[in-house]
Amino acid sequence: MAESSSSSSSSNNNNRNGSWSWSWSSPITSIAQDHLLSILVLLPAESILSFGNTCKRFKSLSDSPSLWESLCRRDWGHLSVDAIIKSSSSSSSSSSSVLSSSSSQHNNNHLNIIPWKKLYQRVYHLDSVSCRTLSDPTPPLVIDQFQHPRPRASHSLNFLSGCLLLFGGGSDGGRHLDDTWIAYIGNDFRRISEWQMVTSGIPSGRFGHSCVVIGDSLVLFGGINDHGIRQNDTWIGQVALKETTGISLSWRLLEVGPIAPPPRGAHAGCSTDNQRMLIHGGIGLSGVRLGDTWVLDLSENLCTGTWREIVTQPSPAARSGHTLTHVGGTQTVLFGGRGLRYEVLHDVWLFDTSEGHLRWVQLLFELCNIPGGLSLPRVGHSATLILGGQLLIHGGEDTYRRRKNDFWVLDIGTRASVRMQPCTIEQRGLSGSMWRRLKSEGYKPKCRSFHRACTDRSGRYLYVFGGMVDGLLQPAEGTGLRFDGELFLVELVL
């Protein structure tokens, strides 16, 4: 009885202290704190928050900055987190802090400077972006083609070694450009140095090609040249930063052997790891839209590569002007495009490589279940991986070639397990949370399509260049379209 009374008294005392205490005999109370942290870091964030509500001791543990930094590294990757730390430590002004100054604790220890838990929560509740132009607000009437990239569309734009790299695209007069431009950014993501043209003539002029970052290099495939001829060549671009000569980039043709995808342009492509590139669809010979999937396996030193076709059912229908974006791990997302009957699409597919199998899995959802979802179908948009493993989709055009300037987040983290559904994943209950339209603050960019976008290493800053925009209709023109040469920055509002 005495033991029972003592136990009851202890429990009542804990309750009077404002928290619920685990029974003194519970095994979890005897686990060392570092061991508990090693367990918590394996759990979903929601489970950690629930665990923290059990008592004051566990609340303090579940709020640990080191725990939430570990969760950010687990879910966002080391490169993103290291870039956040670097940008935070190199900037002392409140406008450049990771969160608002009221949310930050000014301490030399970066764990205290960056409120990791609050940052984690705000990333997954992202509801707005802020835009600002990085181009001269009063550009010259005649653009110096050696000082600034000409207006263009269907080019490529990548972020590599602290630089923006721009290649090719279509321009006025039906000319397909063969120039490569670099602008150094470094750690100051809100401004860029002047553009510098580093090469011209190699690769040959083209638009509608794919160009992806693999390690410290670029891999470029295909495209359409001045004469409408589709290409199927593969190139490697390597950047060098030298104190004496500045930035340089060299291109070389990659040896891929006798097997290669059929020539095409307006296809979608992305890298899936440091040794592999994935492409799908596009416009092939005679203007036929394609629906095939190919993987390029690269040697360790990127000296050679081997193409192989992936044939699996089901698979996305033939299309062009769509996007492929690797979202980490074993999954890549395909979205939108224009189909065989020129219809503009809104379907979402996952290319999944888990368990040693390569397969396409469709995510099913109803547009009517998504607020504003009827505007989702599009072609010529951008879909870029941002902080938190989400896709930021911008612009594009609809069936009637009406261009857009909206921003959407596609979060496939809300999906059901791919392993549970062999063919499709129906998102009846999740479609609303899978798609979110974001508010846009600050500068209002023009509606555009066939632009290109890329993020910095942190995934918080998105750079957008060029595209087709609405212009004044001239008497000799059949449409009011024009090429754009603006560069603007999109920042996630956290």
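Residues numbered from 1 in each chain as written. Predicted model: local features only at pLDDT ≥ 70, side-chain atom pairs only at ≥ 80, totals over all residues. Heavy atoms only, no water.

**Some words on the nonpolar core**
Soluble globular proteins tend to pack their nonpolar side chains together in the buried interior. Ranked by size, the top nonpolar core spans 39 residues in total, and within it W68, W76, W116, L119, L392, V490 and L492 carry the most contacts. No other element matches helix α5 (residues 65-76), which puts five residues into this core. Residues contacting W68, with those up to four places away along its chain left out, are A45, I48, L49, S62, D63, W116, K117 and Y120. Membership of the second largest hydrophobic core comes to 19 residues, among which are V327, A383, I412 and W435. (Core = buried A, V, L, I, M, F, W, Y, C linked by side-chain atoms within 4.5 Å. Buried < 20%, exposed > 50% of the residue type's maximum accessible area, 1.4 Å probe, protein only. Helix = DSSP H or I, 4+ residues; strand = E, 2+ residues; numbered from the N terminus. Contact = heavy atoms within 4.5 Å.)

**Overview of the sheet that holds strand β2 (residues 156-160)**
Sheets are built from strands paired through backbone hydrogen bonds, the pairs being either parallel or antiparallel. Pairing is antiparallel in the open sheet, where four strands are placed in the order β2-β3-β4-β5. Since the sheet does not close on itself, it has two edges, and those belong to β2 and β5 (196-200), each with one partner. Pairwise comparison of adjacent strand axes, ignoring direction, gives a mean angle of 20° for this sheet. Pairing geometry for strand β3 (residues 163-167) and strand β4 (residues 179-184), over five bridges, is antiparallel. Its bridge partner lying in β4, L166 is registered against W181. (Pairing = 2+ DSSP bridges. Axes fitted to C-alpha atoms, helices over the stretch in contact; angles between N-to-C directions.)

**With respect to the pattern of salt bridges**
Two side chains bearing opposite charge may form a pair once their charged atoms approach each other closely. Applying the stated criterion across every chain, the model contains 27 salt bridges. Of the charged contacts, one joins R276 and D273 as a salt bridge, the two residues approaching to 2.8 Å between their closest N and O atoms. A residue is classified by how much of its surface remains accessible, and R276, at 29% relative accessible area, is partly exposed. Residue D273 is classed as partly exposed on the basis of its relative accessible area of 32%. Each of R338, E397, R401, R403 and D470 takes part in salt bridges that share partners, so that together they form one network. (Salt bridge = Lys/Arg side-chain N within 4 Å of Asp/Glu carboxyl O.)

**A look at the packing of helix α3 (residues 45-52) against α5**
Describing two packed helices takes the angle between their axes plus the distance from one axis to the other. As a packed pair, α3 and α5 sit with axes 12 Å apart at the nearest point and diverge in direction by 165°. Compared by their axis directions, α3 and α5 come out roughly antiparallel. Crossing of α3 against α5: the hand is right-handed. Contacts from A45, I48 and L49 in α3 reach L67, W68, L71 and R74 in α5. (Parallel < 35°, antiparallel > 145°, perpendicular 65-115°, else oblique. Left-handed = near helix turned anticlockwise from the far one by under 90°.)

**Looking at the confidence of the model for the protein**
In the predicted model, the protein carries a mean pLDDT of 84, and the fraction of residues at 70 or more is 81%. A low-confidence stretch, residues 1-24 stays under pLDDT 50, and its non-local contacts, those more than four residues away or across chains, total 17 contacts. In this model residues 100-112 is a low-confidence stretch, pLDDT under 50, and it forms 20 contacts with partners more than four residues away in sequence or in other chains. (pLDDT = per-residue confidence, 0-100.)

**Quick word on the sheet that holds strand β26 (residues 461-465)**
Strand order in the open sheet formed by five strands is β23-β1-β29-β26-β25, and the pairing between neighbours is mixed. The sheet terminates laterally at β23 (439-442) and β25 (452-455), the two strands that pair on one side only. For this sheet, the mean angle separating the axes of adjacent strands, direction not counted, is 25°.

**Comments concerning the packing of aromatic side chains**
Across all of its chains, the model carries 13 aromatic pairs by this definition. Aromatic side chains W68 and Y120 sit 5.3 Å apart centroid to centroid with 65° between the ring planes, which places their arrangement in the edge-to-face category. Separated by 52 residues along the polypeptide, W68 in helix α5 and Y120 in helix α8 (residues 116-124) bring together distant segments of the chain. Exposure remark for Y120: the relative accessible area of 9% places this residue in the buried category. Seen in terms of ring centroids, W76 and Y124 are 6.5 Å apart; in terms of plane orientation they differ by 45°. Their pairing is tilted. Here Y124 lies in helix α8 and W76 lies in helix α5, a separation of 48 residues in the sequence. Look at W76 and you get buried, because its relative accessible area is 10%. Put simply, the rings of W68, W76, Y120 and Y124 touch in pairs and so form one group of aromatic residues. (Phe/Tyr/Trp six-rings, centres within 6.5 Å; stacked < 30°, edge-to-face > 60°.)

**Description of the packing of α5 against α8**
Running from N to C, α5 and α8 point in directions that differ by 35°, and their axes come no closer than 8 Å. Only W116, K117, L119, Y120, V123 and Y124 of α8 make contact with α5, whose side of the interface consists of P65, W68, E69, L71, C72, R74, D75 and W76. When the residues that make up the contact of α5 with α8 are grouped by side-chain class, the tally is ten nonpolar, no polar and four charged. (Nonpolar A, V, L, I, M, F, W, Y, C, P; charged D, E, K, R; others polar.)

**Some points on the pairing of strand β1 (residues 128-133)**
Two strands pair when backbone bridges link them, and β1 and β23 are joined in this way by four bridges, in the parallel orientation. Bridging from a neighbouring strand, V129 pairs with S440 of β23. Looking at chain direction, β1 and strand β29 (residues 487-492) are connected through five bridges and run antiparallel. Across the sheet, the residue bridging to T133 is F488, located in β29.

**Structural notes on the environment of T455**
Mapped onto the elements of the fold, T455 is located in strand β25. Note: C-alpha distance between T455 and L387 (68 residues apart in sequence) is 9.3 Å. Beyond its immediate sequence surroundings of up to four residues, T455 is in contact with F159, T384, L385, I386, Y461 and L462.

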